[in-house]
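Analysis of the macromolecular model
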Amino acid sequence: MAANTDRRRINAPSGGTSAPVFAKPVKEYGYLQSLRPNRTRGPDELRKTFLQTGVVPSASGSAYLEVPTTTTSSQPSLIPPTSSLKIAASIQGPKPLPRSAPFSPTLVLTTTVKFAPFATRYRRGYIRDSAERDLGVHLETALRGVIIGERWPKSGVEVVITILEGDEDTWWGDSKAEGGAGSGWGLLNVLAGCITVASAAIMDAGIDCVDMVAGGVAAITGDGQKVLDPCPAEHQDIVAACAVGYLASRDEITELWLKGEVGADPDTLIEGATHAAMGSVSVLREVLLENIETKTKAAKEGSKRKLEDVEMTG
Amino acid sequence: MAPPQPQQVNLSPAELSFLRSTLCQAPPVRFDHTKGPKDFRSMRAEYDVLPGANGSARVALEDGTEALVGVKAEVETSQWRPSPDARGSALAPDAEMRDAADDEDAKGKGQNSWIEMSVEIPGFRDDDSLPVFLASMLTESLLASGGLKDRLYINTRFHWKLYIDILLLSPPLSYPLALLSMTTHLALLTSRLPALKSEKDEDPLFDDDWDAAVFLYPKSKASASDDKPPVIVLAMGVGPNIIFDPCMEELAVADSVLAIACANATASSTRARIVSVRTIDPPSHLTPPGVPNSMNSATGGTVPASSAEALTQRELLANSGVWTPPRGGMKRGLISQVVKMVVEEGGVAEEVISALQAIELG
C-alpha cells in the first residue's frame, strides 16, 4: 500500500505512537491481569448514550454521539480501562448534482466514514483505509433502505462521519493488542454508533425517511453467554458478534453485519442486537422531540423578530 | 471520465414491474425459467491452473463472468513481541509441560495480518468501495474460524504469509461475491505448502519434493468432516420468496440481498456453520420509478398540480403494479428463514461445498 501514503504532509511514524505498555510491570506476575476491566453492567444492560443534534450550524443536519467509558475511577497505570465512542455526523444536502454528473432518478447517497488520526490506539492516516471504506459501505446500506430516494431525482446528499474516539478491539494491556490488525470487534460498535448518529443527523436535516434506523450490537462470549452492547475491552473472549441497523416500527433490518463462529443458529444473536437497537431508538425519539421543540421555538422567535424589524424600519 | 457505475441495469419501470411480479409468484418464475429458487447457475471450474502459485483455481459462469484466484505463500519472520502471559507462565512450575506440547502449540497463535487478500475488478480502482467490500467480506469469513491462520504458524520466529489474489477477468455483470468466493474456496482447497523438515525453533527448512507438500486444508480419509474453507452464498428476498444465486436482472428487483458465509459441518455439529452474514445494498434502490397513466398527460391522465399532490398520489400507488423502488429492510423472519435454508442438512451450503469438493476429486 505504498501508493496510499500521504506525501503532502509530514507524517507521524507509521508504527503509531502510544503510551508505553511495559511487557512486565515492575510488580509481580498477575498484576497486569488485576488491572483488567470487568463488565459491571448486566448482560442486557446498555451503556449510557449522549446524543445531540444541530451541532454544526453550516450543515443542513448534524449530530454528535458519545458513549462514555463505564469506569471512572482513577487508575494506577497508564493503560486506559475501557475505550469510549465519540462520533460526529454532518449532512450536506440534498443539493443538485453537478452538471457533469450523469442523470440519476433517485437521491445519490454518499457516505464517508473517517477515523480521526487520534481516534484509536494506532494512528490512522489522513487517507481512508480499507476498514473505513468498508464501514462507509455498511453505513450506506443501512441508510439507503430508509431514505425515500425517489423524491429527490437529480440530487445528492453527503453523509460525513468523523469518529473522534473509537472503541478498541481489545484491552490495551493484552499482548494481542500489539499487532495493530485486531479482531475487529470494536468496528461493530463503531458501525452501530455511526448508524444511530447518522439517523439523528438525517432527522435534523429533514430528509424523508420511512422510519428511524438505529444501531445495536450483541455478542456471544466464550462461555456461550449473550451480552448486549459489548465493550471489547471488558470481554476477553468474544466468539461472535453482530451489528444491526434496525427499523423499530416496521420490525425490519436494513443492515446486518454478523461475524465469528456463531454456529448454525444466529437468530438469538440477531435478536439480541435488535434489543440493543431498541435502546438507541428510545434515545433517538427523545432527541427527535427535543429537536422539534427547539426548531418550533426558533421559528416563533424568528417570526417575532421579523415583525419587530418591520416596526423598526417603519 | 465518469466513474464506472456498478451494476447499472437498463430496464424500464414496466420491465422491472413484470420481473418482480413473476418472481413473487408461488412458485417463483425466474429470469431463467428452467431454474427453481434454489438452483445455481451452471459453471465450469478448474484448479491448479497457475504453475507458479501454491494453489489456484478458475471458475467461469454461464453468463460469461470469470474469476481467477492464485494463492501464494511466503515465509516471513514474526515480529518478536514481549508477552507477559507467556513469560509469567514460564516461571510457573508447569513450564516443562508447556515445552512438551507439540501440535497444540500453534493453537491460537495465528494472526489476522498473516492473510492478505486483494480483489481486482476491471473498471474499478483498488480503493473503490466494491472491491474493498468484497475483500473484507472474503477475509472476514476466512478468519472467522481460527483454523487457517493457526496452520500458518511455523515457530516462534517464522510464519507463512498467505497472499490471496483474486482477479475478475470479465466485467462484473452480476454481483460477483458468490463467484469470487467459490473460486477462492477451490483455490484454497487445493493449495499446498512445502513440507517442513526442521523442528521447533530452528530456521525453517523445507522438503524440496513438491509431492511431499502438505495441503493447507489437511485431508483425512474420512473426508466428510475435514475443515474446509468457507463459501459465500448470495440470497435475495423478493416479496414472500427467497431466491438463491440471483442474476443481474433479478437483483434489479430485489427487496433485500443477504450474503451468507458458511463453513462445512464438522464432527461436532451435523449442520453447516454460519461464519459471517452481511446485507448488501440491492441495485433496485437506484431504479427509476414508473409514472402511472393517471398521472401522465400523454396517456389521458392529469399531471398533478403541485409537488405535494404528486407525492400523495405516488404513495397511493403502493400496490397498483406501477414500479416503485423498494423501501425498508428485511423482515427478521425472512432472515432466519434464509439462514435455515442455507445451513439445514442437505441445504444450500452443503450442496455447494460438496459440489466444489467433487470438482477436485473428479
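Residues numbered from 1 in each chain as written. Chains lettered and ligands numbered in written order. Predicted model: local features only at pLDDT ≥ 70, side-chain atom pairs only at ≥ 80, totals over all residues. Heavy atoms only, no water.

Chain B goes by Ribosomal RNA-processing protein 42 in an unreviewed UniProt entry, where it is assigned to Karstenula rhodostoma CBS 690.94. Checking UniProt for chain B, the heading Sequence similarities (unreviewed entry) contains the comment "Belongs to the RNase PH family." (UniProt positions renumbered as here; feature names shortened; annotations may be inferred.)

As annotated in an unreviewed UniProt entry, chain A carries the name Exoribonuclease phosphorolytic domain-containing protein and comes from Karstenula rhodostoma CBS 690.94. According to UniProt, the comment filed for chain A under the heading Sequence similarities (unreviewed entry) is "Belongs to the RNase PH family."

**Let's talk about unusual backbone geometry**
Here the residue pair Gly93 of chain A and Pro94 of chain A is connected by a cis peptide bond, since its omega of 0° sits within 30 degrees of zero. Within the secondary structure, Pro94 of chain A is located in strand S3 (residues 85–96). Residue Pro27 of chain B is reached from Ala26 of chain B by a cis peptide bond, and omega for that bond is -10°. Checked against the element boundaries, Pro27 of chain B lands in the loop between helix H1 (13–23) and strand S1 (43–47). A positive phi is found at Asp251 of chain A, a non-glycine position, where the angle reads about 50°. You can see Asp251 of chain A is positioned in the loop between strand S8 (238–247) and strand S9 (252–263). Take Asp251 of chain A: its relative accessible area is 29%, and that puts it in the partly exposed class. Positive phi outside glycine occurs at Asp245 of chain B, with the angle close to 50°. If you trace the backbone, Asp245 of chain B turns up in the loop between strand S9 (241–244) and helix H7 (248–251). (Helix = DSSP H or I, 4+ residues; strand = E, 2+ residues; numbered from the N terminus. Buried < 20%, exposed > 50% of the residue type's maximum accessible area, 1.4 Å probe, protein only.)

**Details of the pairing of strand S5 (residues 155–165) of chain A**
Residues and elements named next belong to chain A. Relative to S5, S3 runs antiparallel, the two sharing nine bridges. Bridging from a neighbouring strand, Ala88 pairs with Thr162 of S5. With eight bridges connecting them, strand S4 (residues 108–115) and S5 associate as parallel partners. Each residue of the ladder has a partner; that of Phe115, found in S5, is Ile163. A crossover links S4 with its parallel partner S5, the connecting element being helix H2 (residues 130–144), and its sense is left-handed. (Pairing = 2+ DSSP bridges. Right-handed = clockwise from strand over helix to strand, strands pointing away.)

**Looking at the sheet that holds S3 of chain A**
Residue and element names in this part refer to chain A. Taken in spatial order, the five strands make up an open sheet running S1-S2-S3-S5-S4, and their pairing is mixed. Both outer strands of the open sheet, strand S1 (50–53) and S4, are each paired with one neighbouring strand and no more. Neighbour-to-neighbour, the strand axes of the sheet open up by a mean angle of 15°, direction not taken into account. The strands touched by H2 are S4 and S5; relative to S4, the strand with the most contacts, the crossing angle is about 140°. (Axes fitted to C-alpha atoms, helices over the stretch in contact; angles between N-to-C directions. Contact = heavy atoms within 4.5 Å.)

**Focus on H2 of chain A**
Every α-helical turn comprises 3.6 residues, leaving residues that sit three or four positions apart pointing alike. Residues and elements named next belong to chain A. Relative to the 21 Å expected for 15 residues at 1.5 Å per residue, H2 spans 21 Å between its end C-alpha atoms, a close match to the ideal helical length. Of all 15 residues that make up H2, 12 are buried, and the element is covered over most of its length. Among the residues of H2, those classed as buried are Glu132, Arg133, Asp134, Leu135, Gly136, Val137, His138, Leu139, Thr141, Ala142, Leu143 and Arg144. (Expected span 1.5 Å × (residues − 1).)

**Re the nonpolar core**
By size, the foremost hydrophobic cluster in this structure holds 96 residues, and its most contacted members are Leu139, Ile161, Val244 and Leu256 of chain A together with Phe244 of chain B. The dominant element in this core, judged by the number of residues it contributes, is helix H3 (residues 185–205) of chain A, at 14 residues. Not counting residues within four places of it along the chain, the set of residues in contact with Val244 of chain A comprises Ile195, Ala214, Gly215, Gly216, Ile253, Glu255, Leu256, Ile270, Ala273, Thr274 and Ala277 of chain A. Core analysis: the second largest hydrophobic core is formed by 62 residues, Met137, Leu138, Leu180 and Val238 of chain B among them. (Core = buried A, V, L, I, M, F, W, Y, C linked by side-chain atoms within 4.5 Å.)

**What to know about the packing of aromatic side chains**
A ring pair, where both rings are aromatic, is described by two values, the distance of the centres and the angle of the planes. Residues and elements named next belong to chain A. Under the definition given, this model contains two aromatic pairs over all chains. On the basis of an interplanar angle of 65° and a centroid distance of 6.4 Å, the ring pair of Phe50 and Tyr64 is categorised as edge-to-face. Within this pair, whereas Phe50 is found in strand S1, its partner Tyr64 is found in strand S2 (residues 61–67), the two being separated by 14 residues in sequence. By relative accessible area, Phe50 is classed as partly exposed at 40%. (Phe/Tyr/Trp six-rings, centres within 6.5 Å; stacked < 30°, edge-to-face > 60°.)

**Quick notes on the sheet that holds strand S2 (residues 55–61) of chain B**
All names here are of chain B. Spatially, five strands are ordered S1-S2-S3-S5-S4 in an open sheet, and the strand pairing comes out mixed. Each of the sheet's edge strands pairs with one partner strand only, and the pair in question is S1 and strand S4 (115–120). On average, each strand axis in the sheet is inclined to that of its neighbour by 15°, with strand direction left out of account. Pairing of S4 with strand S5 (residues 158–168) involves six bridges; the strand directions are parallel. When the bridges of S5 are listed, Ile115 appears paired with Leu162. Strand contacts of helix H6 (residues 177–189): S1, S2, strand S3 (66–77), S4 and S5, with the helix running at about 50° to S3, the strand carrying the most contacts.

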